[in-house]
Amino acid sequence: MAKGLAVTFRHMLTRADTRQYPEVRPDLPARSRGVIALVEENCTVCMLCARECPDWCIYIDSHKETTPAPEGGRPRAHNVLDRFAIDFSLCMYCGICIEVCPFDALFWSPEFEYADYDIRDLLHEKDKLAEWSQTIPIPPAHDPGAAPPKEIAAATTPKPARPAARTAPGPRNTAVRAIRPPGSLPKKPGEGPGAVEES
Ligand code: SF4
Ligand code: SF4
């Protein structure tokens with residue numbers, strides 16, 4: 001009882017911590033899950049995100065284009081993204097799509113001001129998702145003493161020396177390989193025309 005009174009008294013003496021939103025925007029943590037942003041240039045239309053989304057709320061359309069090859073090469077076919085949309089009225093903000101994207105095309109943005117009066121307006125197309133990519137925060141620095149990222153470790157580790165090329169050819173395998181007609185089974189020892197019967 002006395003402790004409760006002391007807490008109430010302390011609250012009366014300290015200033016309220018009310019944020020004057022929307023005049024003052026909140027300082028959200030860097031990892032806030034506000035909205036999903038798309039970096040369109042990185043998307044290869046691999047469809048992994050759409051396949052893994054538990055809510056099936058990612059819609060992707062694409063077509064193939066062929067790039068003419070330089071002289072002597074083969075023309076290359078690649079996917080061109082026509083549509084990338086996320087229905088945020090279905091999305092449950094699980095982050096699976098961001099986790100599975102192998103090409104770093106999806107990111108969390110702390111942007112949260114996209115509430116709407118009509119639920120159908122929560123389906124956002126790639127132009128809007130790309131616009132949100134401008135609000136992706138810079139990733140926080142690694143913890144001091146943490147292991148370096150594997151990309152940096154791979155780039156700074158010296159590669160092992162390649163074995164020297166052989167100057168003289170080694171001895172060739174001269175053993176004669178048996179050639180069987182197709183379908184015949186290998187002979188067991190003691191079978192066949194030249195076999196000696198045991199008495
Ligand atoms: S956050 Fe989850 S539910 Fe939302 S689009 Fe990505 S995978 Fe689907
Ligand atoms: S997983 Fe990434 S690269 Fe593949 S379609 Fe989705 S956003 Fe594009």
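Residues numbered from 1 in each chain as written. Chains lettered and ligands numbered in written order. Predicted model: local features only at pLDDT ≥ 70, side-chain atom pairs only at ≥ 80, totals over all residues.

Chemist: Looking at this structure, I do not really get the overall build of the protein chain. What am I missing?
Modeler: Scanning the protein chain from terminus to terminus reveals five helices and five strands. Across the 199 residues in the protein chain, those meeting the buried criterion constitute 9%. Of the contacts made within the protein chain by residues no fewer than 6 positions apart, 75% connect residues no fewer than 24 positions apart. (Helix = DSSP H or I, 4+ residues; strand = E, 2+ residues; numbered from the N terminus. Buried ≥ 20, exposed ≤ 12 C-beta atoms within 10 Å, placed from the backbone. Contact = placed C-beta atoms within 7 Å.)

Chemist: Is there a simple way to think about the UniProt feature "binding site: [4Fe-4S] cluster 2" (unreviewed entry) in the protein chain in this case?
Modeler: According to UniProt, the feature "binding site: [4Fe-4S] cluster 2" (unreviewed entry) maps to Cys 53, Cys 91, Cys 94 and Cys 97 in the numbering used here. For this annotated set, covering 45 residues, all C-alpha atoms fall within 10.5 Å of each other, a compact arrangement in space. Cys 91 sits in the partly exposed class, given 18 other C-beta atoms within 10 Å. Here Cys 91 is in contact with Asp 55, Cys 57 and Ile 86, once residues within four sequence places are set aside. Along the chain, the position of Cys 97 falls in helix H3 (residues 96–100). For Cys 97, a count of 22 C-beta atoms within 10 Å puts it in the buried group. (UniProt positions renumbered as here; feature names shortened; annotations may be inferred.)

Chemist: Hey, could you run me through the UniProt feature "binding site: [4Fe-4S] cluster 1" (unreviewed entry) in the protein chain in this one?
Modeler: Within this numbering scheme, the UniProt entry marks Cys 43, Cys 46, Cys 49 and Cys 101 as carrying the feature "binding site: [4Fe-4S] cluster 1" (unreviewed entry). The largest pairwise C-alpha distance within this set of annotated residues, which runs over 59 residues, is 10.5 Å, so the set is compact in three dimensions. Following the sequence through the fold, Cys 43 ends up in the loop between strand S1 (35–38) and helix H2 (48–52). Here Cys 43 is in contact with Leu 38, Leu 81, Phe 84, Phe 103 and Ala 105, once residues within four sequence places are set aside. Counting through the fold element by element, Cys 46 comes out in the loop between S1 and H2. Cys 46 gets classed as partly exposed once you count the C-beta atoms within 10 Å, which come to 15.

Chemist: Would you mind going over the sheet that holds strand S3 (residues 76–87) with me for this structure?
Modeler: Strand pairing within a sheet occurs via backbone hydrogen bonds; the two strands may be parallel or antiparallel. Spatial ordering of the open sheet is given by S2-S3-S5, a layout of three strands whose pairing is antiparallel. Because the sheet does not close on itself, it has two edges, and the strands there are strand S2 (58–67) and strand S5 (123–124). (Pairing = 2+ DSSP bridges.)

Chemist: In this structure, what is going on with the site of ligand 2? I would like to understand it.
Modeler: Taken together, Cys 43, Thr 44, Val 45, Cys 46, Met 47, Leu 48, Cys 49, Ile 60, Cys 101, Phe 103, Ala 105 and Leu 106 make up the full set of residues adjacent to ligand 2. Here the residues of the shell around ligand 2 are counted per class, giving eleven nonpolar, one polar and no charged. (Near = placed C-beta within 6 Å. Nonpolar A, V, L, I, M, F, W, Y, C, P; charged D, E, K, R; others polar.)

Chemist: What is the right way to look at the environment of Arg 19 in this model?
Modeler: Position of Arg 19 relative to the elements: it lies in the loop between helix H1 (2–13) and S1. The residues contacting Arg 19, other than those within four sequence positions of it, are Val 24 and Pro 26.

Chemist: Sorry, what's going on with unusual backbone geometry here?
Modeler: The general pattern is negative phi for most residues beyond glycine and trans for most peptide bonds. Along the chain, Tyr 21 connects to Pro 22 via a cis peptide bond; the corresponding omega equals 10 degrees. Even without being glycine, Trp 56 reaches a positive phi, approximately 50 degrees. Its location among the elements puts Trp 56 in the loop between H2 and S2. Accessibility expressed as a C-beta count within 10 Å gives 10 for Trp 56, which makes it exposed.

Chemist: Sorry, what's going on with the nonpolar core here?
Modeler: The biggest cluster of nonpolar side chains holds 17 residues, and the ones touching the most others in it are Ile 36, Ala 37, Leu 38, Cys 97, Leu 106 and Leu 129. Breaking this core down by element, the ones donating at least two residues are S1, S3, strand S4 (106–109) and helix H4 (126–132). Non-local contacts of Ala 37, meaning those with residues more than four positions away in its chain, are made with Phe 107, Ser 109, Leu 129, Trp 132, Ser 133, Thr 135 and Ile 136. (Core = buried A, V, L, I, M, F, W, Y, C linked by C-beta atoms within 7 Å.)

Chemist: It is not clear to me how the pairing of S1 should be interpreted in this structure. Could you clarify?
Modeler: Looking along a regular strand, one sees the side chains alternate between the two faces of the sheet. Burial of the side chains of S1 extends over both faces: Val 35 and Ala 37 are buried on one face and Ile 36 and Leu 38 on the other. Alignment of S1 against S4, held across four bridges, turns out to be antiparallel. Following the sheet pairing, Val 35 is matched in S4 by Ser 109.

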